[in-house]
Amino acid sequence: MTIADKLVLQRQHHLKWRALDKLELILMIVCGILCFGFSLSVMFDILTRTIGHPWLWLQEVTSTLFIYAIFIGAAVATRRNDHLYLTAISEAMHGTPRLMVEILIRLVVLGVAVCLIWFGYINYLRGFGSFRLPSGTPIASLYAAIPLSGVLIALFTIEQLVNGIANGFDHPEPPDDELAIPSAESSVPRVGL
């Protein structure tokens, strides 16, 4: 099994287009790099402050990595149905009621995505008037993650809506063989009282 097979979730694949699997893989790798970079920058920030020579620019790096990881991660989680999705309600239903609830849920998520795009873009444009210290970078560099995330969430939600209406949302998932937990046998003899 390749790393791509492990990172691109096959669960609910009837709601996905194969063409976007590569995008999911790239976004998962980017999220991993962002989280690793965030952890590394926090470690160096703590280390440099402990030795008495803080690198002030590390706080900017840390916040940038954190913000981008959150917004890109939200988009990936939307495609994987791990975030912004109310599974407990819809999975308890079948047939037409489930179809209606699934469509309603995804329309709400699509509305959130449109708000992220619209208001995120407005904040992005306004961000050129404020600057981060000590680098002097426009704060718009942080706000760019918001509309980007909105576009990705909208894309993945539309993908699920189209495929769910065409193929149905209610597909039983095959059992995960890898998650089977072997039974533990005790070799300790019991002592009678």
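Described in the following lines is the structure provided in the data block. (Residues numbered from 1 in each chain as written. Predicted model: local features only at pLDDT ≥ 70, side-chain atom pairs only at ≥ 80, totals over all residues. Heavy atoms only, no water.)

## Quick notes on the overall build of the chain
Right, on to step 1. Secondary structure summary: the chain contains seven helices and zero strands in total.
Right, on to step 2. Helices and strands appear in the chain in the N-to-C order α-α-α-α-α-α-α.
Right, on to step 3. Counting all 193 residues of the chain, 34% fall into the buried class.
Right, on to step 4. The long-range share in the chain, meaning contacts at least 24 apart out of those at least 6 apart in sequence, stands at 69%. (Helix = DSSP H or I, 4+ residues; strand = E, 2+ residues; numbered from the N terminus. Buried < 20%, exposed > 50% of the residue type's maximum accessible area, 1.4 Å probe, protein only. Contact = heavy atoms within 4.5 Å.)

## As for the environment of Gly168
Right, on to step 1. Among the structural elements, Gly168 can be located in the segment after helix 7 (145-167).
Right, on to step 2. For Gly168, a relative accessible area of 22% puts it in the partly exposed group.
Right, on to step 3. Leave out the neighbours within four places in its chain, and Gly168 touches His14, Leu15 and Asn163.

## Structural notes on the packing of helix 5 (residues 95-126) against helix 7
Right, on to step 1. Viewed as axis vectors pointing N to C, helix 5 and helix 7 meet at an angle of 160°, and their least axial separation amounts to 8 Å. Classified by the interaxial angle, the pair formed by helix 5 and helix 7 is roughly antiparallel. Helix-helix and strand crossings are classified by hand; for helix 5 and helix 7 the assignment is left-handed.
Right, on to step 2. In terms of residue class, the contact of helix 5 with helix 7 is made up of 17 nonpolar, six polar and one charged. (Axes fitted to C-alpha atoms, helices over the stretch in contact; angles between N-to-C directions. Parallel < 35°, antiparallel > 145°, perpendicular 65-115°, else oblique. Left-handed = near helix turned anticlockwise from the far one by under 90°. Nonpolar A, V, L, I, M, F, W, Y, C, P; charged D, E, K, R; others polar.)

## Quick word on the pattern of salt bridges
Right, on to step 1. A full pass over the atoms with the stated rule returns eight salt bridges.
Right, on to step 2. A salt bridge links Arg18 to Asp21, with the nearest nitrogen and oxygen atoms 3.4 Å apart.
Right, on to step 3. Arg18 gets classed as exposed once you look at its relative accessible area, which sits at 62%.
Right, on to step 4. The shortest N-O distance in the salt bridge between Arg80 and Glu24 comes to 3.1 Å. In this pair, Arg80 is assigned in the loop between helix 3 (57-79) and helix 4 (87-91) and Glu24 in helix 2 (residues 21-50), connecting sequence segments 56 residues apart. Exposure class is identical for Arg80 and Glu24. Each is buried. (Salt bridge = Lys/Arg side-chain N within 4 Å of Asp/Glu carboxyl O.)

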